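The residues making up each chain are set out below.
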Protein chains: 4
Amino acid sequence: MNRNSTQAFSAPVTARGQRTRQKLVDAAEAIFGEKGYEAASIADITRKAEVALGTFYVYFPDKKTLFVEVVDNLGDRLRDELGRAVEGISDRVEVERTGLRAFFRFIQEHRLMYRVVRQAEFVDEACYRRYYQRFAEPYAHRLEAAMDEGLVRRIDPETLAWCLMGIGDFLGMRYVLWRHEKQLERALDAAMDFIEHGIVVGGPAPARKKTPSPRARRAPSRSPKT
Amino acid sequence: MNRNSTQAFSAPVTARGQRTRQKLVDAAEAIFGEKGYEAASIADITRKAEVALGTFYVYFPDKKTLFVEVVDNLGDRLRDELGRAVEGISDRVEVERTGLRAFFRFIQEHRLMYRVVRQAEFVDEACYRRYYQRFAEPYAHRLEAAMDEGLVRRIDPETLAWCLMGIGDFLGMRYVLWRHEKQLERALDAAMDFIEHGIVVGGPAPARKKTPSPRARRAPSRSPKT
Amino acid sequence: MNRNSTQAFSAPVTARGQRTRQKLVDAAEAIFGEKGYEAASIADITRKAEVALGTFYVYFPDKKTLFVEVVDNLGDRLRDELGRAVEGISDRVEVERTGLRAFFRFIQEHRLMYRVVRQAEFVDEACYRRYYQRFAEPYAHRLEAAMDEGLVRRIDPETLAWCLMGIGDFLGMRYVLWRHEKQLERALDAAMDFIEHGIVVGGPAPARKKTPSPRARRAPSRSPKT
Amino acid sequence: MNRNSTQAFSAPVTARGQRTRQKLVDAAEAIFGEKGYEAASIADITRKAEVALGTFYVYFPDKKTLFVEVVDNLGDRLRDELGRAVEGISDRVEVERTGLRAFFRFIQEHRLMYRVVRQAEFVDEACYRRYYQRFAEPYAHRLEAAMDEGLVRRIDPETLAWCLMGIGDFLGMRYVLWRHEKQLERALDAAMDFIEHGIVVGGPAPARKKTPSPRARRAPSRSPKT
DNA sequence: CATGAATGAGATTTCATTCAT
DNA sequence: AATGAATGAAATCTCATTCAT
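Residues numbered from 1 in each chain as written. Chains lettered and ligands numbered in written order. Predicted model: local features only at pLDDT ≥ 70, side-chain atom pairs only at ≥ 80, totals over all residues. Heavy atoms only, no water.

S.K.: Report on the overall build of chain A, specifying residues and quantitative values.
M.R.: When helices and strands are counted, chain A shows nine helices and zero strands. Taken from the N to the C terminus, the helices and strands of chain A come in the order α-α-α-α-α-α-α-α-α. Looking at chain A as a whole, 52% of its 226 residues qualify as buried. Once local pairs closer than 6 in sequence are excluded, the contacts in chain A between residues at least 24 apart make up 66%. Just so you have it, chain A exposes about 10,700 Å², and 51% of that area is on carbon and sulfur atoms. (Helix = DSSP H or I, 4+ residues; strand = E, 2+ residues; numbered from the N terminus. Buried < 20%, exposed > 50% of the residue type's maximum accessible area, 1.4 Å probe, protein only. Contact = heavy atoms within 4.5 Å. Areas by Shrake-Rupley, 256 points an atom, 1.4 Å probe, with all protein chains shown as cover.)

The following block contains the structure:
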């Protein structure tokens with residue numbers, strides 16, 4: 001059925017080739033973000049990149065491969081940008097606030113691309129997970145280090161990392177993607193208040209609590225210390 | 001193209017018709033969850049529903065309309081289920097914990113359908129937003145009421161609602177969809193610890209802090225250097 | 001990669017469907033014969049059949065399947081036609097002559113189709129072999145029966161069948177396909193002369209010769225019996 | 001489209017150029033045999049020849065031209081090889097046997113290329129006919145000469161040549177290409193028996209029978225029953 | 001109400017060929 | 001002479017939707 005050859009895929013490596021390839025990646029970023037993975041056609045991408053249709057297949061074996069590359073690129077850039085943003089900040093709370101702010105700025109600047117990631121789930125699940133896990137793991141490690149230094153309360157670091165990512169993601173969707181940016185700063189402050197102190201009224205954080213059995217914690221916080 | 005919700009479309013209303021319609025909705029739920037919106041064909045759905053291809057168009061004007069109905073159904077059911085789960089619980093923290101747990105159970109039981117929602121963004125954005133806003137608004141109201149009663153610290157309720165939704169969403173993805181359910185309870189406890197008390201070590205929750213101007217907070221306030 | 005469903009292919013079975021299907025098969029016969037397998041496009045076939053392009057895929061999963069069906073059809077018809085032609089003829093030589101003549105007539109009437117078979121080798125080798133073997137086997141059996149009755153000299157029947165098929169095929173190519181039909185009858189007579197008596201001058205057929213060792217037969221025919 | 005053989009095409013003539021050209025022809029031989037004309041791509045050929053894609057068009061104006069050259073080469077080599085094989089053999093029957101054997105050996109050694117010829121029919125019919133006619137004509141002449149010398153019965157030489165070619169072709173397909181080589185010698189003996197003496201039992205070859213009118217021969221002449 | 005054959009626009013992908021280097 | 005990036009026409013195949021029964 002498939003009379004394909006057995007050679008691996010190989011794309012041009014000259015400078016000119018690199019330029020063409022980049023044009024395609026950039027165009028894909030824009031088109032995927034605008035229309036979504038399925039609705040974006042190769043023709044859309046090559047038209048935007050101002051190359052011929054066939055040129056696409058000189059550089060990528062198929063649409064999915066390019067999509068995965070675009071998503072991975074996005075992840076790399078986001079990671080680098082956030083890393084740069086919080087570099088040198090020692091106050092842990094300030095790291096979170098700055099990181100969150102940098103994340104929102106990144107979304108603002110790559111509004112279209114950000115939407116693309118959600119699509120990845122049905123295109124290439126591995127790539128989808130990779131996108132989130134690439135952050136979650138180092139994030140958890142840094143949080144754990146902060147806990148060791150006494151800068152953050154001791155909470156299972158992995159869970160905490162995913163909670164904070166969820167907060168960032170949803171606020172980004174609500175206040176950046178959906179264009180309510182006037183409320184963004186207010187929301188950021190409110191979120192930081194929540195992240196710092198939680199929802200419980202007046203309670204100090206319990207000191208050394210190991211994750212308790214769920215039942216035992218029914219009445220948790222009314223400790224005299226408050 | 002845009003025959004939105006004001007459809008001049010009229011479908012059978014007999015009992016038999018209702019049954020056929022339901023078969024289609026149920027089948028669509030399964031197929032959309034399994035394959036995603038684009039990859040799911042009408043033929044897939046009618047085959048699963050055990051009706052003829054043409055019957056689809058007796059009940060729905062097009063594929064998108066059915067998809068939107070499925071997503072809306074999903075949202076309604078989730079809302080109802082969570083509502084039922086926390087009904088009658090007075091302890092606010094317990095409401096959160098129970099709600100989170102009910103949400104995870106819902107995902108477990110509708111693993112495929114959960115994935116459908118993310119697809120909605122590029123199919124019908126209104127429906128996608130509706131899905132989240134339907135929760136966010138009442139949630140914010142209930143949180144505000146709890147604040148009024150002094151059960152929850154005063155934080156911008158809308159922001160808080162989206163933060164909590166983000167936490168639930170990401171933990172659900174990480175610990176339910178990605179099948180690490182053995183860690184689910186531990187993660188739930190850790191998350192509740194975070195939600196209750198935040199990340200800051202030992203500090204009491206500040207009483208009445210109004211959202212400060214962003215610039216003013218550049219350096220953490222307790223620093224005389226500012 | 002391939003999000004195909006797992007259901008087997010199923011084509012319409014109504015009378016109308018049968019008619020459409022036949023139109024496609026007939027058109028394919030003509031187009032394949034005219035252009036060859038590769039050069040014949042689905043669009044060519046549906047255009048000739050006067051149906052829409054998509055209709056093709058209602059009846060056949062792909063081009064190859066239709067091609068195989070066409071070749072198999074051709075083989076069936078040829079077999080039936082030759083069978084009918086020689087039915088009731090008792091003189092064995094006359095059977096050969098009549099069969100050859102019927103074969104030539106078949107080619108004349110299905111000139112295009114006949115060319116198709118040669119293409120099958122690269123399309124579906126099984127189908128290609130089937131085409132020839134379907135004849136070779138019963139042919140060899142009938143020849144063997146004729147040998148048992150003393151109507152034909154005893155020669156390995158399978159080899160003999162393939163020799164006779166080769167003769168028919170090449171004469172058909174030379175004198176029918178290549179349009180030298182004026183010479184056809186003369187060629188038929190010459191071929192029959194050869195088939196009946198071989199090329200050796202004056203020699204009677206050796207009576208009971210079992211297939212001798214190749215070396216031993218170096219000087220074969222100058223036996224006194226001649 | 002029709003730049004047939006009178007090409008205004010000029011290729012490099014240096015020694016280096018000749019080497020490159022030969023690499024391409026050799027590679028094409030292999031690739032065409034393996035994949036068939038249509039499925040073989042220029043890229044396949046240049047990859048195998050270890051030259052750049054563009055180099056192809058330095059030596060050949062298009063794919064078809066190279067294919068025709070390959071087929072013609074094949075024909076030339078086969079003719080030469082068979083010529084060499086029977087050189088100096090005086091016994092006519094032995095010439096046939098040796099020629100057949102040499103043909104089979106040629107197929108064995110160029111198994112893939114043999115298949116190429118059948119493809120030629122739809123690529124370039126002239127080349128296809130040329131392939132067979134190049135043999136048929138000298139073959140017929142030699143047979144006629146043998147008849148003049150009384151070594152072979154007098155049968156229309158052209159017809160006889162095509163019959164013998166058909167026999168060789170079909171036996172080659174059946175017993176060499178389809179890998180039943182263990183039976184090859186036996187088949188060769190059986191075929192020679194048939195070729196020498198025909199199928200008719202015991203009968204002496206009729207002496208001077210001119211091709212009779214077809215109608216007159218309806219009933220075999222020796223049968224009183226008619 | 002229900003059916004399912006028919007439609008055709010549109011998507012992906014291949015590859016012979018060109019041409020600037 | 002040789003290169004290989006770029007081209008775009010053309011082919012296969014899918015599927016939402018229509019409509020006659």
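Read on for the rest.
S.K.: How would you summarise the relation of the copies chain B and chain A if you had to cite specific residues and measurements?
M.R.: With an RMSD of 0.3 Å, chain B superimposes on chain A once it is rotated by 179 degrees and translated 0.2 Å along the axis. Read as a symmetry element, the transformation amounts to a two-fold axis. By residue overlap, the copies meet face to face through one surface: 100% of the interface positions of chain B are interface positions in chain A. (Least-squares fit on C-alpha atoms with pLDDT ≥ 70 in both.)

S.K.: Tell me what's going on with the interface of chain B and chain A, and back it up with residues and numbers.
M.R.: If you look at the interface, chain B gives 74 residues, while chain A gives 77 residues. For the chain B and chain A pair, buried surface summed over both sides reaches about 7,000 Å², with 60% attributable to carbon and sulfur atoms. Three residues, Phe-122, Trp-178 and Ile-199 of chain B, lead the burial of chain B against chain A; their summed loss comes to 12% of the area buried on that side. Counting across the interface, chain B meets chain A through nine salt bridges. The salt bridge partner of Glu-125 of chain B is Arg-115 of chain A, with a shortest N-O separation of 3.6 Å. In this structure, the connection of chain B to chain A is made through 18 residue pairs in polar contact (both at pLDDT 80 or more). (Buried area = accessible area lost by both parts, 1.4 Å probe. Salt bridge = Lys/Arg side-chain N within 4 Å of Asp/Glu carboxyl O. Polar contact = N/O pair within 3.5 Å; in protein donor to acceptor, adjacent residues only side chain to side chain.)

S.K.: Explain the pattern of salt bridges to me, using residue names and the numbers behind them.
M.R.: Across all of its chains, the model carries 86 salt bridges over all chains by this definition. Ionic pairing is found between Arg-97 of chain D and Asp-189 of chain D, a salt bridge with its closest N-O pair at 2.8 Å. Taken together, the residues Arg-97 of chain D in helix 5 (residues 92-109) and Asp-189 of chain D in helix 9 (residues 184-197) connect sequence positions 92 residues apart. With respect to burial, Arg-97 of chain D and Asp-189 of chain D carry one shared label: buried. Linking Arg-154 of chain D and Asp-148 of chain D is a salt bridge whose minimum nitrogen-to-oxygen distance equals 2.8 Å. Take Asp-148 of chain D: its relative accessible area is 55%, and that puts it in the exposed class. Here the salt bridges do not stand alone but share partners, grouping Asp-72, Asp-76, Arg-79, Asp-80, Arg-130 and Arg-134 of chain A into one network.

Any functional reading would require information beyond the geometric quantities listed.
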